[in-house]
Structure formats: C-alpha cells, structure tokens
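Structural features, examined
Take a look at the letters that make up each chain.
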Amino acid sequence: MTNSDDWKAHAAALIDQLAEQGIATDPAWRQVVATVPRHVFVPTFYSDDDPPQLLTADDRRWLDLAYSDDTLVTQRKEHPDQPGFAWSTSSSTRPSLMLRMLHILNVHDGMNVLEIGTGTGYNAALLSERLGSARVTTVDIDPELTDAARVRLAQAGYTPTVAPHDGPQGYPPRAPYDRIIATVATEQVPRPWVEQTHPGGLILADIRPRGMTWAGALARLTVADDGTASGPLISCTWGFMSTRPDVARPGTPDMVPIDATTVHTRTSEIGSDALRTPGLSLLIWQRLPGINAFPGPDSTQITTPDGSWAKATKTAPAKIEHGGPADIWTQVEQAHKWWTDHGHPDVESFGLTVSPNEQRLWYQAPDAESWPAPDSPTT
Ligand SMILES: C[S@@+](CC[C@H](N)C(=O)[O-])C[C@H]1O[C@@H](n2cnc3c(N)ncnc32)[C@H](O)[C@@H]1O
C-alpha cells in the first residue's frame, strides 16, 4: 500500500471538518471535494518548519497535510533585489477559503469560468469536476506552474484550458465569462476582468494592499450593461498572495526610500493598533494608497510612495514620530474619526464600484457616501 492509497478516507475527513465549520454545506461541492484527489496536485510542498522543508510522498506527514485545511506552499523564490530571502510565490490555498469562495461565486451548470492564478491546478480541478472541463479556463503568470498543473489535471481526468498569462489582463481568447475568480490578490480590480465578463456575471476578486495585506477583502462584483461592476466586500482577513509584476518577481511591496534625518514628534489619541482593526484598516489603506506597514514589537512604522513615514506606538496616547513631505498619521486619525462617527463599521459595511475611470469604495450602498470622504487631501 502506498502513502496515497487511502486518500478517499482523508478527503472524507476533510469534508467533515469543513462541514463542522459550516463551510461544506452544499452537497454538490461536498461531492466535488470527495472526488478530486488533492494529493495529486501537491506532490511536493513546504512544511511549516523553520527553515521550511520540502515534503514529498515519502514523508509520513505528507498525506495528512495534503488533506488538511491548510495552505500548502508549493513554490518559493528569492526576489531578485533581495537575495537571501525566499518569498512564497505559489501555493494550494486552504480548502475552507476555496470552498467559501466557490460558494460565493454561485456557479451553475453551463457557466464559463475564468480562474486567475492556476497554482497547483487543484481549484481548476474542483471547477472542472463541477462544471465540466470545457467550461473552465485558468491562467498563471508562471509557465512552469501551468505546465505542471496541466499534467496533474490530466492525471486526475480533467482537461480545462490552462494558459500562461498575466492574470490582470484576463484571458481574451476564451472571453466572455460568466464568472471570474481570482486566487491571487490585486490592489485594484483590473479593467479587463470587467470587460471580459457577461453583463449579469460575477467577479470575485481579492483586493488588498501589497504592504498591509491584512487590510483587504473579497469583492463580489456584478457586472452591469454600462461597463461598470459593483458589489459588496466580504471579510477575508487572511487572503491571497499579491500578483507578481512579472514571473521573476514575487508580489512584494515596493520599498520606499525614506529620509529620517528630520524627525517630528507628537502624541496621538490613535495608536498603531488602529492599523490592524478590520474595517478601519480598509479605510486607512484607501486614504493612503501604496501604504506599507512594518510592525515591530512596540510600534509600527508606515510609509507612503511619496517618502512620507510615521512610527506609532501601539496604544493611546501614542507617541508619533514622523518625517518626509506629509504627516501621514493625520490620515490615520481622520480615518479613525470617520469610522468612530459611523459606529465602527466592519469590512462588510462597504462595497466597491469599478468603472472605466475609477474604483470607488462606498459605505452601505453604491449610491451612498464614498470613501475617502470629501475632506480628504488624497481625494
Ligand atoms: C495562491 S496561488 C493560487 C492557488 C491555486 N488556485 C490552486 O488551486 O492551487 C496564487 C497563484 O497566482 C499566481 N500569480 C501571481 N501573479 C500572477 C499574475 N500576475 N498573473 C497570473 N497569475 C499570477 C502565482 O504564480 C500563484 O500560482
């Protein structure tokens, strides 16, 4: 008996575990998870050890982990400008998040789906099992990954269209789609996704800043006849890795050179804990596009692309040090004031409208108040 012979029992246990979390409730998706062999898509992956070990089928932990509700990192690469440190550049997403998203995607027989971020191919296999391979297209920027995924998909009996392609461009040869699902994060919903989706179709995107990834959310957007797409944000604290700008570069934040020769100090009623507060962190990101946050044990430093920076201790009254062209902590304070005045809304109180010229965050309803609020210097 090989390490993988009892995979069906492992898949069944995974479904039970997901059902206990209230996730695998749809019998159709339960059947899909029971049928698709996840281990075929993750012949190797990295352990959580420090440093990470590459596990193979020979390792006694391999099959248990392949059917765990964990994200399995399958590829790591050094950033060309930061030698010596490897970033995760591909993974098989934890099944609970994948199923949650597939449920939100609300697919039906006969629909065409584009997945952005093929990775291992496991999610494309889930979609192919549910809709039939002919209805599924999946793209990844890394041809090594698409080649490997195509082989594994075929091994498991699926033949979706798998193409090496830059995801933000969508995939015109197979458009239009009824559904687009992104399993990689972007800061904006790319315009081609809207253009390549049928009116009435859905886009499920993971939008989050590269430099403050916990501040993001899933956006479930319905495409309208007029070329816009709009819909609610859905809470998702631990989302996806950010898109790579090209195959050789992990989707890491751009480092901003800062000048710390002149340091201003003051106190604030808002400490750096604000940066981690769901709902509020989304607003801070919208006020400070391109924000990077560097949490330390006692304080967090933030930077913006213009070279402004601020360092705040955790709790109020917080000690603020700042420098560069603007005191950016005032933006955090203004976001906090708006958020407090509106009763501490969470992520799901907001939504997004994408039109040809802008991506607009709104509060409670598409035609209601926009964010950043009009008084903001960044609007
Ligand atoms: C979290 S993994 C996707 C998991 C995958 N859906 C699965 O089932 O295994 C994210 C993937 O997005 C890909 N990616 C990153 N930047 C991209 C880009 N610009 N265009 C397309 N794919 C990209 C990565 O190469 C990686 O494989």
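Conventions we followed
Residues numbered from 1 in each chain as written. Predicted model: local features only at pLDDT ≥ 70, side-chain atom pairs only at ≥ 80, totals over all residues. Heavy atoms only, no water. Domains from an automatic or database assignment. Buried area = accessible area lost by both parts, 1.4 Å probe. Helix = DSSP H or I, 4+ residues; strand = E, 2+ residues; numbered from the N terminus. Buried < 20%, exposed > 50% of the residue type's maximum accessible area, 1.4 Å probe, protein only. Contact = heavy atoms within 4.5 Å. Polar contact = N/O pair within 3.5 Å; in protein donor to acceptor, adjacent residues only side chain to side chain. Near = heavy atom within 4 Å. Areas by Shrake-Rupley, 256 points an atom, 1.4 Å probe, with all protein chains shown as cover. Axes fitted to C-alpha atoms, helices over the stretch in contact; angles between N-to-C directions. Parallel < 35°, antiparallel > 145°, perpendicular 65-115°, else oblique. Left-handed = near helix turned anticlockwise from the far one by under 90°. Core = buried A, V, L, I, M, F, W, Y, C linked by side-chain atoms within 4.5 Å. Pairing = 2+ DSSP bridges.

Concerning the domain arrangement of the protein
Parsing the protein into structural domains produces domain 1 (7–235) and domain 2 (264–341). The straight-line distance from the C-alpha centre of domain 1 to that of domain 2 is 33 Å. Taken together, the two surfaces of domain 1 and domain 2 that pack against each other cover about 890 Å², and 69% of this comes from carbon and sulfur. For domain 1, the biggest contributors to the area lost against domain 2 are Gly211, Met212 and Trp214; these three give 58% of the whole.

Considerations on the environment of Arg249
By secondary structure assignment, the location of Arg249 is in the loop between strand S11 (229–235) and strand S12 (264–268). Owing to a relative accessible area of 28%, Arg249 belongs among the partly exposed residues under this scheme. In sequence terms Arg249 and Pro80 are 169 residues apart; their C-alpha atoms lie 6.8 Å from each other. Residue contacts for Arg249: discarding those within four places in its chain leaves His79, Pro80, Asp81 and Arg244. Within the local environment of Arg249, its side chain forms a polar contact with the side chain of Asp81, the two groups lying 3.1 Å apart.

Considerations on helix H5 (residues 95–105)
In terms of burial, H5 is largely enclosed, as nine of its 11 residues are buried. What H5 keeps buried is the set Pro95, Ser96, Leu97, Met98, Leu99, Met101, Leu102, Ile104 and Leu105. A positive phi of about 55° marks Asn106, the residue just after H5.

Focus: the site of the ligand
In the neighbourhood of the ligand, 25 residues make up the surrounding shell, with Ser90, Thr120, Asp140, Gly167 and Arg244 lying closest. Ser91 is positioned such that a nitrogen or oxygen atom in its backbone is 3.2 Å from an oxygen atom of the ligand. Asp140 is positioned with one of its side-chain polar atoms (N or O) 2.7 Å from an oxygen atom of the ligand. When the ligand is considered free in solution it has 600 Å² of accessible area, and contact with the protein chains removes 99% of it.

Concerning the packing of helix H9 (residues 280–287) against helix H10 (residues 329–341)
Here H9 crosses H10 at 135°, and the two axes come no closer than 9 Å. When the axis of H9 is compared with that of H10, the two are oblique. Along this stretch, H9 crosses H10, giving a crossing that reads as right-handed. Where H9 approaches H10, its residues Leu280, Leu283, Ile284 and Arg287 are matched on the opposing element by Gln331, Val332, Gln334, Ala335, His336, Trp338 and Trp339.

Some thoughts on the environment of Ile15
For Ile15, the location among the structural elements is in helix H1 (residues 7–20). Every residue in contact with Ile15, bar those within four places of it in the chain, is listed here: Ala24, Arg30, Val33 and Ala34.

Brief notes about the nonpolar core
Leu233, Ile284, Ile302, Trp329, Val332 and Leu352 are the most contacted members of the largest nonpolar core, which totals 52 residues. No fewer than three residues from each of domain 1 (7–235) and domain 2 (264–341) sit in this core. Setting aside its immediate chain neighbours within four residues, Ile284 contacts Met212, Ala274, Leu275, Ile291, Val332 and Ala335.

Observations concerning unusual backbone geometry
The omega torsion of the bond from Asp50 to Pro51 falls at 0°, within 30 degrees of zero and hence cis. Note on placement: Pro51 falls in the loop between strand S1 (45–46) and strand S2 (54–55). With omega at -5°, the peptide bond leading from Ala316 into Pro317 counts as cis. Checked against the element boundaries, Pro317 lands in the loop between strand S15 (309–313) and strand S16 (318–323).

Regarding the pairing of strand S14 (residues 299–303)
Burial runs high along S14: five of the five residues are buried. With burial as the criterion, each face of S14 is covered, one bearing Ser299, Gln301 and Thr303 and the other bearing Thr300 and Ile302. Two successive antiparallel strands, strand S13 (residues 292–295) and S14, enclose a turn made up of three residues. In terms of strand pairing, S14 meets S15 through five bridges, oriented antiparallel.

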